[in-house]
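Residue strings, one per chain:
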Amino acid sequence: MTDTLELNNGITMPAIGLGVYQTPPDETVEAVASALRTGYRHVDTAAAYSNERGVGEAIRRSGLDRSEVFIETKVWISDYGYDETLHAFEKSAGKLGVDTIDLLILHQPVPARFDATVQAYRALETLLADGRVRAIGVSNFMPDHLDSLLAQTSVVPAVNQIEVHPYFSQPEARAANAANGILTQAWSPIGGITFYRGERASTLDDDVIGGIAVNHGKTPAQIMLRWQLQHGHSAIPKSVRAERIAENFDVFDFELAGAELEAIDRLDTGVRGGPDPTAITTDTFRLTIPEA
Ligand SMILES: NC(=O)c1ccc[n+]([C@@H]2O[C@H](COP(=O)([O-])OP(=O)(O)OC[C@H]3O[C@@H](n4cnc5c(N)ncnc54)[C@H](OP(=O)(O)O)[C@@H]3O)[C@@H](O)[C@H]2O)c1
């Protein structure tokens, strides 16, 4: 098991990245710094997370060369359209304080304005051709959205970042990604407990995952991340706590057996924790991305 993955355009990406959704701006520098000290070399942020500045600052302060850290960020739906997305790149690069973004992805499809979604992706293609980004991709694209996008554009996305954890493992969406040579990147990879609504239990308390964790002398979070890696996914666990950031990276020294992977596969409920990507409109989230 390697700790890096090759994208469909030959770019290498560290398989595990630090996610920073819901990491408050004033805690972002410390969380990213902690991750970089631990050995992470990949951070997943987004224009919509309001913390790109902290990500860039932590990387600059780390003393690491810019080329050693893989920066992934996302264009928010209020910036869809060709010119708007070109400008969204400038906003994100400015806040991050970088000339080049390693992976720039569309945060959501907007099915009701798919023409604008396609125009946004065409802007990513231009940024790729101009060398401003090293790879481009999408997030929350279901197979139908991918089919429509692929029919209207020329660069196959390198990555589709989707909700994937043991309670919602999206086998159909993952198969569609794989069939198109697109890497599945798992968001909420250890259960997205921040997204669960109602009475639903956390994957972190699951008996099957807990039993496998005991067998390996690992934690439930580590078992889920290992399950992601052995399925060939990239995963971007979020934490603001140094000990958990370290725990989530300590997943390269053990192997789950085939029967253990299958036991975790069987936990899928088919019920998503996050928003339904087919139902997103520009009215779903009242958020616009500031210039600076
Ligand atoms: N593209 C999208 O639409 C989308 C949507 C959601 C998320 N994402 C990306 O995916 C990343 C991860 O998703 P997520 O934050 O929803 O879920 P997650 O990484 O599965 O879980 C994060 C939660 O688990 C806690 N946690 C972290 N490590 C733990 C451990 N070892 N043991 C116990 N609890 C632990 C964190 O709390 P503490 O911080 O207090 O440790 C936080 O509450 C985000 O940060 C973001 O980058 C993308």
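Before reading further, recall that the structure is shown in the block above.
Model, not experiment: these values are computed from the prediction.

Participant: Got a sec to walk through the site of the ligand? Specific residues and values, please.
Facilitator: Neighbouring residues of the ligand: 30 residues in total, closest Asp44, Ser188, Lys238, Ser239 and Arg244. Between the ligand and the protein, one listed contact pairs an oxygen atom with a backbone N or O atom of Tyr21 at 2.9 Å. Within the side chain of Arg241, an N or O atom sits 3.2 Å from an oxygen atom of the ligand. In isolation the ligand offers 910 Å² of accessible surface; the protein chains occlude 93% of this area.

Participant: Talk me through the pairing of strand 7 (residues 133-139); I want residue IDs and the actual numbers.
Facilitator: Among the seven residues that make up strand 7, six are buried, leaving the element largely enclosed by the rest of the structure. The pairing of strand 6 (residues 101-106) with strand 7 spans five bridges and is classified as parallel. From the neighbouring strand, Ile101 faces strand 7, where its bridge partner is Val133. What joins strand 6 to strand 7 is helix 4 (residues 114-129), and the crossover it makes is right-handed. As judged from the two bridges shared by strand 7 and strand 8 (residues 159-163), these two strands associate in the parallel manner. Across the sheet, the residue bridging to Val138 is Asn160, located in strand 8. Remark: the strand 7/helix 5 (residues 143-152)/strand 8 crossover connection has right-handed handedness.

Participant: If you had to explain unusual backbone geometry to someone new, which residues and values would you point to?
Facilitator: Notably, Asn140 is not glycine yet its phi reads approximately 65°, a positive angle. Looking at where Asn140 falls in the secondary structure, it is placed in the loop between strand 7 and helix 5. Overall, the relative accessible area of 7% leaves Asn140 in the buried class. Residue Gln170 is not a glycine yet carries a positive backbone phi of 50°. Overall, Gln170 belongs to the buried group, its relative accessible area being 7%.

Participant: Residue-level account of the packing of aromatic side chains, with values.
Facilitator: Each aromatic ring pair is summarised here by two numbers: the centre-to-centre distance and the angle between the ring planes. Overall, the coordinates contain five aromatic pairs when judged by the stated rule. Ring geometry for Trp76 against Phe285: centres 5.3 Å apart, planes inclined by 70°, an arrangement best described as edge-to-face. Here Trp76 is found in the loop between strand 5 (70-75) and helix 3 (82-96), whereas its partner Phe285 is found in the segment after helix 10 (258-265), with 209 residues between them in sequence. On the basis of relative accessible area, Phe285 is assigned to the partly exposed category, the value being 28%. Judged by centre distance (5.7 Å) and plane angle (75°), the rings of Phe249 and Phe252 are edge-to-face. A residue is classified by how much of its surface remains accessible, and Phe249, at 18% relative accessible area, is buried. Members of the aromatic cluster, joined through ring pairs, are Tyr40, Phe249 and Phe252.

Participant: I'd like a rundown of helix 7 (residues 207-216), residues and numbers included.
Facilitator: Among all positions in helix 7, only Ile209, Ile212 and Ala213 are buried. Mapping the buried residues of helix 7 onto a view down its axis gives an arc of 105°, with all of them on the same face. For helix 7, the exposed residues set more than 90 degrees away from the buried face come down to Asp207, Val214 and Asn215. Turning to helix 7, the residues buried within the fold contact helix 8 (220-230) and helix 10.

Participant: Got a sec to walk through the pairing of strand 8? Specific residues and values, please.
Facilitator: Counting buried residues along strand 8, five of its five residues qualify, which places the element largely inside the surrounding structure. Bridging between strand 8 and strand 9 (residues 183-187) involves five bridges; their strand directions are parallel. Counterpart to Gln161 in the pairing with strand 9 is Gln185. Where the polypeptide runs from strand 8 across helix 6 (residues 171-179) and back to strand 9, its parallel neighbour, the crossover connection is right-handed.

Calculation criteria
- Residues numbered from 1 in each chain as written.
- Predicted model: local features only at pLDDT ≥ 70, side-chain atom pairs only at ≥ 80, totals over all residues.
- Heavy atoms only, no water.
- Near = heavy atom within 4 Å.
- Polar contact = N/O pair within 3.5 Å; in protein donor to acceptor, adjacent residues only side chain to side chain.
- Areas by Shrake-Rupley, 256 points an atom, 1.4 Å probe, with all protein chains shown as cover.
- Buried < 20%, exposed > 50% of the residue type's maximum accessible area, 1.4 Å probe, protein only.
- Helix = DSSP H or I, 4+ residues; strand = E, 2+ residues; numbered from the N terminus.
- Pairing = 2+ DSSP bridges.
- Right-handed = clockwise from strand over helix to strand, strands pointing away.
- Phe/Tyr/Trp six-rings, centres within 6.5 Å; stacked < 30°, edge-to-face > 60°.
- Arc of directions from axis to C-beta.
- Contact = heavy atoms within 4.5 Å.

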